Amino acid sequence: TGQTTLESPWDIQVYVVNTNFTLKWNYTGNDTNVTFSAEYRFGDFETKETEWNELLGCQNVTGTECDFSSAVTEYYDTHHVRVRAERRKEVSPWSDVFEMIPYFIAQIGPPGIELQSRNGVIKIKVSPPEANRIRKMWIAHLRFKYNLVIWENSSNAEFRSLSIFPTHVIDDLAPDTTYCMKVQATLPLDFKEGLFSPIRCIKTTHKAVNDLLCATNVSILALNLKFHLHWSNPYKQHVSYNVQYLIGYLKKLHDDYSSKWLNVHGCENITDTQCNFSSIITTTSGFYYLRVQAMSESNRSCLSNEVKVDPLITNEIGPPGVKVDISDVLLHIQIFPPGESESEVMRDHYDLSYRILYWKNSSNNEEEIKMKEIKQTIGTISDLTPLTLYCVKVQAFSQVYNKTSHYSKEECIKTPGDKVLPLIFLATFVIALIAVLLVATLLVFALYQAYNKIKYVFFPSCQSPLNIEGFGGQFFIGPYLSTTEEPTEICAIIETVITEVNQTDLKDYKHSKQSSRDSGNYSNDDDTSGSKASEETQEKEIV
């Protein structure tokens, strides 16, 4: 019956800052002389039954909260907590169970800060939360990021927030001015924001005279992973410079890094106001800091403001190289990634894509400029117009880093003509050639036949008999032919024996032969054999 007279505590909450645990609850009973006690358990409640234990620091508490920091040693296990009211031997029912995993509900405590004002700047040194604690909730203190809020200590102050390192210098401040600030530690990967440190204020001083030597307008120009540092020297004095760099991760440490600055090779004791520091960029995954140390002839020196170099973010992408070629129906575009020896690094780290612009280069200003985006370094364009000049330019871009290059130089090439028309010309030529050959063949054949006829008529292959040839060197112009009979050729092979004949006999022979021809013209040659005998007699006489 005693248990029913006391009400149970409610609204159980646990607040965790670093490794400090506070249990709070509400109690609305009107009972007096009531105390409260809490129990807890932790472990794997699903596989085995875990016993409840008294929560150290939360036994017989007269208020509605207690500190049980010493009782919790496992920060990644599930814990159950419950509370009840007690009065002498009388106890209330247990409250609802509060379940927690300490690391997940823990809040980051405020960091420690130290301020130093010197030479017109304020140097801040931040110590991580739990810096002097043996038991720590946040083991990897290098993961902390620090946010600074700074403002002038005046009635119309403007708050300014910036991200800082454990050791940080603020140099853009007005002299002889009081500034106040507070710092917060965060764990961005865990989506945790800590409590701000207590507010600290400090007054700035004037800059030293040596600062008149300092390099000003320090800036970085980077293209295709070629890095150059530029600065200004507005003074007429003779000044030499040393360019120094610091590896970025050293600033994340809580140690003093002032002695870790190194000189850039090739940029020592120079009088020029620029320096190529590409040699120090040995990796694109880290970051660097650079500054310029100015030295006068009297050995006075001054350090410029620092500039940060995050290689892949600071660097700008240059235009790619382009080579175009043409085939029958395609325009081939070969793209060379920006950079020379760094082209592979540029392509791999930036995951480059390419934007191709192409158009017909004609007098018509209304020609449409077409665009094509590709990931590869070889692209093709189809649907080309024959005998047309096409121009191409290419831009490289990275979506990951939100960077784009300038366009490359225009490359133009003319497409070949349509192949149908040459084929028509070739077919026409072949047909015309065949026709000419046929006509020439027929013409040659006709001329050959005419030649044979003419040769047959005017130049027969068989010679006329002697009796119808010209006599005494006179040609027979109008031969007499009988109207009743067809002229016939009578040829005979006469075997002759050449002997010496005197001139008188030859004349008698010719005269006798002429007489015989004359007499034969008036006869019908009735007796052919007689004529032959007469001829044989004449031959014999000649012999």
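Structure: see above.
Parameters at a glance
Along each chain, the written sequence defines residue order, and numbers are assigned to residues from 1. Selection of residues for local features in this predicted model requires a pLDDT of at least 70, selection of side-chain atom pairs for listing and counting requires 80 or more, and totals for whole chains, interfaces and linings are taken over all residues. Excluding hydrogens and water, the side-chain figures rest on all heavy atoms present in the structure. Salt bridges, as used here, are contacts in which a Lys or Arg side-chain nitrogen is within 4 Å of a carboxyl oxygen on Asp or Glu. The numbering of helices and of strands both runs from the N terminus, where a helix is a DSSP run of H or I of at least 4 residues and a strand a run of E of at least 2. Summary of the burial criterion: residues with accessible area below 20% of their type's maximum are buried, those above 50% are exposed, and those between are partly exposed, where the area comes from a 1.4 Å probe applied to protein chains only. Two cysteine sulfurs form a disulfide in these notes if their separation is within 2.5 Å. Paired strands, in this sense, are two strands between which DSSP finds at least two bridges. Each axis is a line fitted through C-alpha atoms, taken for helices only over the stretch in contact, and angles between the N-to-C directions span 0 to 180 degrees. Only Phe, Tyr and Trp rings are paired, with Trp represented by its six-membered ring, and only when their centres lie within 6.5 Å; those with planes under 30 degrees apart are stacked, over 60 edge-to-face, the remainder tilted. By nonpolar core we mean a set of buried residues, namely Ala, Val, Leu, Ile, Met, Phe, Trp, Tyr and Cys, connected to one another through side-chain atoms within 4.5 Å. Domain delimitation follows an automatic or database domain assignment. Residue contacts follow a heavy-atom distance rule, with two residues in contact if any of their heavy atoms lie within 4.5 Å.

(A) Up close: the pattern of salt bridges. Under the defined criterion, the tally for this structure stands at 10 salt bridges. Among the salt bridges present, the one from Arg82 reaches Glu39, with a minimum N-O distance of 2.8 Å. Linking Arg82 in strand β6 (residues 79–87) with Glu39 in strand β3 (residues 35–42), this pair joins segments that are 43 residues apart in sequence. Just as Arg82 is buried, Glu39 falls in that class too.

(B) The state of the cysteines, seen in detail. Summed over all chains, the structure comprises five disulfides. Two residues, Cys180 and Cys201, share a disulfide whose sulfurs are 1.9 Å apart. Sign of the S-S torsion, about 105° for the bond between Cys180 and Cys201, identifies this disulfide as right-handed. Linking Cys180 in strand β15 (residues 178–187) with Cys201 in strand β17 (residues 200–203), this pair joins segments that are 21 residues apart in sequence.

(C) Highlighting unusual backbone geometry. Even without a glycine there, the phi angle at Arg88 is positive, about 55°. Tracing the backbone shows Arg88 in the loop between β6 and β7 (90–91). The exposure class assigned to Arg88 is exposed, which follows from its relative accessible area of 75%. A positive phi angle is found at Asn217, which is not glycine, with a value near 55°.

(D) Quick look at the pairing of strand β27 (residues 331–336). Side chains Leu331, Ile333 and Ile335 project from β27 onto a buried face, and the interleaved His332, Gln334 and Phe336 project onto a face without burial. As paired strands, strand β26 (residues 321–326) and β27 are joined by six bridges and run antiparallel to one another. Looking at the pairing, Val322 lines up with Ile335 of β27. Between the antiparallel neighbours β26 and β27 lie four residues. The pairing of β27 with strand β30 (residues 378–381) spans four bridges and is antiparallel. Bridge pairing links Leu331 to Ile381 in β30.

(E) Broad picture of the sheet that holds strand β2 (residues 20–26). What the four strands build is an open sheet, ordered β5-β2-β1-β9; its pairing is mixed. In the strand order of this sheet, the two ends are held by β5 (65–67) and β9 (106–107), each with one partner. Summarising the sheet, β2 and β5 pair through three bridges and their orientation is antiparallel. Looking at β5, one finds that Leu23 is bridged to Cys66.

(F) Examining the sheet that holds β26 more closely. Sheet architecture is open: three strands sit in the order β26-β27-β30, paired in antiparallel fashion. One side of each edge strand has no neighbouring strand; the edge strands of this open sheet are β26 and β30. Mean inter-strand twist for the sheet, computed between neighbouring axes without regard to direction, equals 20°.

(G) Highlighting the packing of aromatic side chains. Tallied over the entire structure, the rule returns 16 aromatic pairs. Aromatic side chains Tyr103 and Phe104 sit 6.2 Å apart centroid to centroid with 70° between the ring planes, which places their arrangement in the edge-to-face category. Between Trp231 and Tyr241, the ring centres sit 5.4 Å apart and the planes meet at 65°, which makes this aromatic pair edge-to-face. One end of the pair, Trp231, is in strand β19 (residues 226–232); the other, Tyr241, is in strand β20 (residues 239–247), and 10 residues separate them in sequence. Since its relative accessible area comes to 4%, Trp231 is described here as buried.

(H) Focus on the nonpolar core. Residues Leu229, Trp231, Phe277, Leu290 and Ile333 are the most contacted members of the largest nonpolar core, which totals 49 residues. Here this core spans two domains, since at least three of its residues come from each of domain 3 (216–314) and domain 4 (321–414). Setting aside anything within four residues of it in sequence, one finds Ile333 in contact with Val322, Lys323, Val324, Ile356, Thr377, Ile378, Gly379, Ile381, Val392 and Val394. Core analysis: the next-biggest nonpolar cluster, separate from the first, contains 48 residues, Tyr27, Phe36, Leu115 and Ile202 among them.

Purely geometric numbers; function is a separate question.
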